[in-house]
Amino acid sequence: MKALKYFSVLILPVIAYISFTSKGWMTYIPIIFVFIFIPFLELFIKPNKNNFSKEEEKKEKENKLYTYLLYATLPIQILFLLLFFESIQEPNLTNSEITGRILAMGILCGVIGINVGHELGHRNNRVDEFIGEMLLLTSLNTHFLPYHNAGHHFNVATPEDAATARKNEIIYLFWIRSHISSYIQAWKLENKRMKNENRSWFHHQNRMIIYTFCNIILLGLIYLFYGQFVLFAFVATAITGIVLLETVNYIEHYGLLRNKKENGRYERVQRNHSWNSDHQVGQALLFNLSRHSDHHYNGAKHYQLLKSLPESPQMPTGYPGMMLLSLFPPLWFWVMNTKIKKLSN
């Protein structure tokens, strides 16, 4: 029964379908749901700071339903991409309706394509990793895995990490810096791995080579079967998903830094080096991503087992609300810099 709350993510494909089959303001239903209804709802729902007991944790760790739900998102994501390709070609759509449907699919790319791909990309078996790669491919963000696992988790809360927002860094500049820097770092990490294995960088085991070919093939197939307009619409949905990812990165790590030791190395990542949110709606829809402090403390821990602990710095609201707040830099700095100052005292 504890796993059932995560099935609430299936609300998103349902409201995306409403967008794909509606006209006018109804095409924006997913945006209204995620960024207006959820933040409003979370004002009235008490945050959930409860953790599993040791007995419950052992039981839920073995519960395959949590993983089967993640697997099910791949056919759902592919199905809705195909529905999107058809719906975006509907005659007589206004520019506003086209935008609404692109944003609807973009939310699926961010929440299902990238977020679930992220969770499966941390699993230590090839089947889960492959499904994660396929999900990330639907958002043209496959470089995420080599960078995230070997770069972000290693360098988080340091100036060396592309996805750690600096204090007073404007989010709109962060989007560009984080995405471009993470892409470059992904290539460097894979090229270094090939060099350490005495292989040429241009080798089939260089994941960035394979990912690049897969991205090109996917774009080529969309152009071949659907044409230029649908191709551009798909790229727009992928960009939307990536912007959602980078916004989440921004709010998760803004202004938090690890101390550097006398030997020049940074202290070990602790649960106070990422912002945490225990707001329940966001927890369920994002597969506990909002318990981000514990995720960075133990990246291999499955999403249902992540804990909320007192030492984790807390966001004042859930992820959707914090994402909205970040879009207004003066207000964001006023709220979050005050919290950072309190943490340092």
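Residues numbered from 1 in each chain as written. Predicted model: local features only at pLDDT ≥ 70, side-chain atom pairs only at ≥ 80, totals over all residues. Heavy atoms only, no water.

(A) Broad picture of the UniProt feature "transmembrane region" (unreviewed entry) in the protein. Under the UniProt annotation, the feature "transmembrane region" (unreviewed entry) is placed at residues 26-45, 65-86, 98-118, 208-226 and 232-251. Spanning residues 26-45, this segment combines 70% helix with 0% strand, and its end C-alpha atoms are found 26 Å apart. Across residues 232-251, the secondary structure splits into 100% helix and 0% strand, with the terminal C-alpha atoms separated by 29 Å. (UniProt positions renumbered as here; feature names shortened; annotations may be inferred. Helix = DSSP H or I, 4+ residues; strand = E, 2+ residues; numbered from the N terminus.)

(B) Spotlight on the packing of helix 8 (residues 171-196) against helix 9 (residues 207-226). The geometry of helix 8 relative to helix 9 is characterised by a closest axis approach of 8 Å and an angle of 130 degrees between their N-to-C directions. When the axes of helix 8 and helix 9 are compared, the pair comes out oblique. Contacts between helix 8 and helix 9 involve Y183, A186, W187, E190 and R193 from the first element and R207, M208, I209 and T212 from the second. (Axes fitted to C-alpha atoms, helices over the stretch in contact; angles between N-to-C directions. Parallel < 35°, antiparallel > 145°, perpendicular 65-115°, else oblique. Contact = heavy atoms within 4.5 Å.)

(C) Here's a closer look at the UniProt feature "domain: Fatty acid desaturase" (unreviewed entry) in the protein. The UniProt record marks residues 103-319 with the feature "domain: Fatty acid desaturase" (unreviewed entry), using the residue numbering of this structure. A distance of 18 Å separates the end C-alpha atoms of residues 103-319, which is 59% helix and 0% strand.

(D) Local environment of the pattern of salt bridges. Applying the stated criterion across every chain, the model contains 17 salt bridges. K49 is the partner of D278 in a salt bridge, and the nearest nitrogen-oxygen pair spans 3.2 Å. You can see D278 sitting in the loop between helix 10 (228-253) and helix 11 (280-285) and its partner K49 sitting in the loop between helix 2 (29-42) and helix 3 (54-61), a full 229 residues away along the chain. In this structure, R123 engages E119 in a salt bridge whose closest nitrogen and oxygen atoms are separated by 3.0 Å. Look at E119 and you get buried, because its relative accessible area is 7%. (Salt bridge = Lys/Arg side-chain N within 4 Å of Asp/Glu carboxyl O. Buried < 20%, exposed > 50% of the residue type's maximum accessible area, 1.4 Å probe, protein only.)

(E) Main features of the packing of aromatic side chains. Tallied over the entire structure, the rule returns 21 aromatic pairs. Ring geometry for F33 and F37: centres 5.6 Å apart, planes at 20 degrees, overall stacked. In this pair, F33 and F37 are both assigned in helix 2, four residues apart and thus about one turn of the helix distant. Overall, the relative accessible area of 16% leaves F33 in the buried class. Ring centres of F85 and F234 lie 6.0 Å apart, and the angle between their planes is 80 degrees; this geometry places the pair in the edge-to-face category. Placement of F85 in helix 4 (residues 65-87) and of F234 in helix 10 is noted, with a sequence separation of 149 residues between them. Overall, the relative accessible area of 5% leaves F85 in the buried class. Among the aromatic side chains, those forming a connected cluster through ring pairs are F20, F80, F84, F85, Y226 and F234. Its end group placed over the ring of Y297, R268 keeps NZ or CZ at 4.7 Å from the ring centre. (Phe/Tyr/Trp six-rings, centres within 6.5 Å; stacked < 30°, edge-to-face > 60°. Lys NZ or Arg CZ within 6 Å of the ring centre and 35° of its normal.)

(F) Representation of helix 7 (residues 144-155) within the structure. When you tally the buried positions in helix 7, you get nine out of 12 residues, the bulk of the element. Here the buried face of helix 7 lies against helix 5 (95-121), helix 6 (126-137), helix 8, helix 9, helix 10 and helix 12 (292-297).

(G) Quick look at unusual backbone geometry. Located in the positive-phi region is F287, a residue other than glycine, with phi close to 55 degrees. Checked against the element boundaries, F287 lands in the loop between helix 11 and helix 12. Judged by its relative accessible area of 3%, F287 falls in the buried class. Of note, N288 is a non-glycine position whose phi angle comes to about 65 degrees, a positive value.

(H) Structural view of a nonpolar patch on the surface. On the surface, W201, F202, F213, I217, L221, L224 and F225 cluster together into a nonpolar patch covering about 820 Å² of accessible area. Examined against the element boundaries, F202 turns out to sit in the loop between helix 8 and helix 9. (Patch = residues over 30% accessible without salt bridge, like charges linked within 9 Å, V, L, I, M, F, W, Y side chains within 5 Å. Areas by Shrake-Rupley, 256 points an atom, 1.4 Å probe, with all protein chains shown as cover.)

(I) Seen up close, the environment of M26. The topology assignment puts M26 in the loop between helix 1 (11-20) and helix 2. Taking the C-alpha atoms as reference points, M26 and K58, 32 residues apart in sequence, are found 44 Å from one another. Ignoring any residue separated from it by four or fewer positions in sequence, one finds M26 in contact with I18 and S19.

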